[in-house]
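Examining the three-dimensional arrangement
The lines below spell out each chain.
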Amino acid sequence: MSKRHPIIAVTGSSGAGTTTTGQIFSRMFASEGLNAAMVSGDSFHRYNREQMARLAAKGQFGERNHFALAANHIDKLEALFYDYGHTGNGRYRQYVHDEDRRLVEAGHKPGTFTPWGPLPPDTDLLFYEGLHGGVVSETCNIAQYVDLLIGVVPIVNLEWIQKIHRDTHKRGYSQEAVVETIINRMDDYVHDIVPQFSHTHINFQRIPLVDTSNPFVVRDVPTEDESMLVIRFRDQSEVDFPYLLQVISGSSLSRHDTLVIPGTKMPLAMDLIVRPMVQRLMARKPFA
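Computed from a prediction, not measured in an experiment: that's the story for all the values here. (Residues numbered from 1 in each chain as written. Predicted model: local features only at pLDDT ≥ 70, side-chain atom pairs only at ≥ 80, totals over all residues. Heavy atoms only, no water.)

**Here's the deal with the pairing of strand β6 (residues 148-152)**
- Here β6 lies mainly inside the structure; five of its five residues are buried.
- Alternating residues of β6 divide into Leu148, Ile150 and Val152 and Leu149 and Gly151, and every residue in both groups is buried.
- Judged from the four bridges that link them, strand β1 (residues 7-11) and β6 form a sheet pairing that is parallel. By the bridge assignment for β6, threonine 11 is matched with glycine 151.
- One ladder, built from three bridges, connects β6 with strand β7 (residues 202-208); its direction is parallel. The residue bridging glycine 151 from the neighbouring strand is asparagine 203, located in β7. (Buried < 20%, exposed > 50% of the residue type's maximum accessible area, 1.4 Å probe, protein only. Helix = DSSP H or I, 4+ residues; strand = E, 2+ residues; numbered from the N terminus. Pairing = 2+ DSSP bridges.)

Quick look at the structure:
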């Protein structure tokens with residue numbers, strides 16, 4: 001049975017900016033009149049918030065590390081991608097965040113999951129945003145089902161700065177606890193997260209232009225205008241580099257397949273680059 005239903009996945013580590021990218025895609029889908037099935041990688045975590053806390057209390061940091069494939073229902077994620085690509089359907093659930101008013105008002109407790117159930121009917125494509133959209137391992141190959149795979153990742157020092165700032169200011173953790181989490185999940189980051197960026201069609205990597213040599217003492221996250229964005233394309237033959245260089249001020253090519261732009265231009269660049277790709281995906285979709 002041939003694949004008929006498009007899948008777009010944005011993959012990256014926690015705090016990398018995948019959520020912001022998801023918002024850009026949501027606006028793009030709305031302007032294109034597309035009804036997307038939106039799926040978050042958080043919903044495939046194996047443990048809820050209370051279970052994670054109990055594991056942490058026992059010192060079992062590895063088991064509660066969301067980067068690790070074993071701490072996620074990777075088999076269910078792969079099944080969803082396979083099923084959706086071939087049938088336009090599949091099963092998923094949602095993780096209930098504190099700010100998810102709709103789910104909370106429906107009676108779901110923050111830090112838990114909704115029951116597994118079918119995707120909304122009659123969607124045009126599946127959009128995934130999370131940690132494992134491009135995983136290829138000895139037991140699974142999720143990347144093979146993705147029609148457009150995008151990596152969003154800052155350099156590692158900037159990633160740590162963003163995580164420390166977010167978890168201490170917005171989630172109430174101590175800096176010591178956040179640093180311990182970073183250290184405990186490093187092995188899984190290297191083995192399960194980083195290899196995905198070799199399978200992506202496009203990578204967006206944010207590079208700070210200020211000193212981040214010691215990320216554990218930096219008090220503020222470098223702003224967008226203190227950053228550059230490195231965009232690498234797997235197939236540069238599909239990219240109109242002269243056009244992008246003309247319409248994105250301050251842009252340049254560092255290699256034949258790599259565009260460098262000011263950090264403030266990410267929404268513009270993502271729209272200019274990705275929108276035509278989405279349009280081509282939808283044009284190739286059979287409507288039998």
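**Comments concerning the pattern of salt bridges**
- This structure, assessed with the given rule, holds six salt bridges.
- We note a salt bridge from arginine 49 to aspartate 98, for which the minimum N-O separation is 3.3 Å. Taken together, the residues arginine 49 in helix α2 (residues 49-57) and aspartate 98 in the loop between β3 (91-92) and α4 (101-105) connect sequence positions 49 residues apart.
- Accessibility expressed as a relative area gives 36% for arginine 49, which makes it partly exposed.
- Of the charged contacts, one joins lysine 163 and aspartate 167 as a salt bridge, the two residues approaching to 2.6 Å between their closest N and O atoms. With lysine 163 and aspartate 167 both in helix α5 (residues 156-169) and four residues apart, this pair spans about one turn of that helix.
- Relative accessible area serves as the criterion here: at 4%, aspartate 167 is assigned to the buried category. (Salt bridge = Lys/Arg side-chain N within 4 Å of Asp/Glu carboxyl O.)

**Observations concerning the sheet that holds strand β2 (residues 36-40)**
- Spatially, β2-β5-β1-β6-β7-β8-β10-β9 is the arrangement adopted by the eight strands of the open sheet, whose pairing is mixed. Bordering the open sheet on either side are β2 and β9 (252-255), each of which pairs with just one other strand. For this sheet, the mean angle separating the axes of adjacent strands, direction not counted, is 20 degrees.
- Sheet topology note: the β1/strand β5 (residues 125-130) ladder contains five bridges and is parallel. Bridging from a neighbouring strand, isoleucine 8 pairs with phenylalanine 127 of β5.
- Lying on the sheet, helix α9 (residues 266-284) is in contact with β1, β5, β6, β7, β8 (227-233) and β10 (258-262); it crosses β6 at an angle near 165 degrees. (Axes fitted to C-alpha atoms, helices over the stretch in contact; angles between N-to-C directions. Contact = heavy atoms within 4.5 Å.)

**Describing the packing of aromatic side chains**
- Inspection of every chain in the model, using the stated rule, returns 10 aromatic pairs.
- Here phenylalanine 29 and phenylalanine 127 contribute two aromatic rings whose centre-to-centre distance is 5.7 Å and whose plane-to-plane angle is 75 degrees, an arrangement assigned as edge-to-face. Highlighted residues: phenylalanine 29 in helix α1 (residues 18-32) and phenylalanine 127 in strand β5, separated in sequence by 98 residues. Comparing phenylalanine 29 with phenylalanine 127, the two get one shared label, buried.
- For the ring pair phenylalanine 233 and phenylalanine 241, a centre distance of 5.5 Å and an interplane angle of 85 degrees mean the geometry is edge-to-face. There is no split in this pair, since phenylalanine 233 and phenylalanine 241 are both buried.
- Here the guanidinium or amino end of lysine 76 rests over the ring plane of tryptophan 116, the centre of that ring lying 5.2 Å away.
- Its guanidinium or amino end placed over the ring of phenylalanine 113, arginine 93 lies 3.7 Å from that ring's centre, counting from NZ or CZ. (Phe/Tyr/Trp six-rings, centres within 6.5 Å; stacked < 30°, edge-to-face > 60°. Lys NZ or Arg CZ within 6 Å of the ring centre and 35° of its normal.)

**Observations concerning the nonpolar core**
- Formed by 33 residues in total, the largest nonpolar core has its most connected members in Ile8, Phe25, Phe29, Ile231, Ile273, Val274 and Val278.
- Tallying contributions element by element places α9 first for this core, with nine residues.
- When neighbours within four sequence positions are excluded, isoleucine 273 is seen to be in contact with Ile202, Ile231, Phe233 and Leu244.
- Listed in part, the 22 residues of the second largest apolar core include Phe44, Ile74, Val135 and Cys140. (Core = buried A, V, L, I, M, F, W, Y, C linked by side-chain atoms within 4.5 Å.)

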